[in-house]
Amino acid sequence: MKVIVGLGNPGRSYSKSRHNLGFMVIDKLASECGIKLNRKGFYSIWSKGLIVGEKVILAKPQTFMNLSGKAVRSILKGLRAETSDLLIISDDMDIGLGKIRIRHKGSSGGHKGIQSVIDAIGTDRFIRLRIGIGKPEDKEETESYVLRPFKKTEIPSATEAVHMAAEATVTIIKDGVTAAMNTYNTRNSKFEILINCL
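Scoring rules and cut-offs
- Residues numbered from 1 in each chain as written.
- Predicted model: local features only at pLDDT ≥ 70, side-chain atom pairs only at ≥ 80, totals over all residues.
- Heavy atoms only, no water.
- Buried < 20%, exposed > 50% of the residue type's maximum accessible area, 1.4 Å probe, protein only.
- Helix = DSSP H or I, 4+ residues; strand = E, 2+ residues; numbered from the N terminus.
- Pairing = 2+ DSSP bridges.
- Salt bridge = Lys/Arg side-chain N within 4 Å of Asp/Glu carboxyl O.

### A look at the pairing of strand β7 (residues 127-132)
Side chains on a regular strand alternate between the two faces of the sheet. Along β7, six of the six residues are buried, which leaves the element largely enclosed by surrounding structure. The alternating pattern of β7 places I127, L129 and I131 on one face and R128, R130 and G132 on the opposite face, and all of these are buried. Strand direction decides the pairing type here: strand β5 (residues 86-92) and β7, joined by six bridges, are parallel. Note that in β7 the partner of D92 across the bridge is G132. Pairing analysis gives four bridges linking strand β6 (residues 100-103) to β7, with the strands arranged antiparallel. From the neighbouring strand, R101 faces β7, where its bridge partner is R130.

Here it is as structure tokens:
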């Protein structure tokens, strides 16, 4: 069983912000794979389903970004899942818009949501899929930048990145993280995206 958690902030005012790309990918997977996100618990909105024949948990923590670890720890404990089954999806300022990166493990890179997860579960050995949001041009405060919606000109690249991240997630489940890294870590957007959940 894979536990796939997209990071973000709950509430309508944050729904289209850069910081909520993790939520957007979970919503995309749920929509494409016929999984209804209709359960509440573990400080999250979540559900069970099947993707390429594998049992999965899709979850969106409702704790706000900086306390994401509280929800992730509760999910793992409540569903008796291992950290090796965990995939965290988040935004990343150090990656250009329209690109994604997959890693086996590693530091938080300054991302407070990822750091919260590491602190809460006591390890950095979990798969993370990072979606680029780029850095602000005018050196505005990071918090302000990540909480803003995408500019109109950025929406096509952001949308493609969400689709690519959803496809990459399916690849991780089907073929493993190494295969997904080899495919997507060097791949930009602007290609035909086929999300096959079967």
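Having seen the structure, we can now continue with the description.
### Digging into the pattern of salt bridges
Per the stated rule, a full pass over the model turns up five salt bridges. Where D92 meets R130, a salt bridge forms, and the shortest distance between an N and an O atom there is 3.1 Å. On the criterion of sequence distance, the pair formed by D92 in strand β5 and R130 in strand β7 is long-range, its members being 38 residues apart. Each of the two residues, D92 as well as R130, counts as buried.

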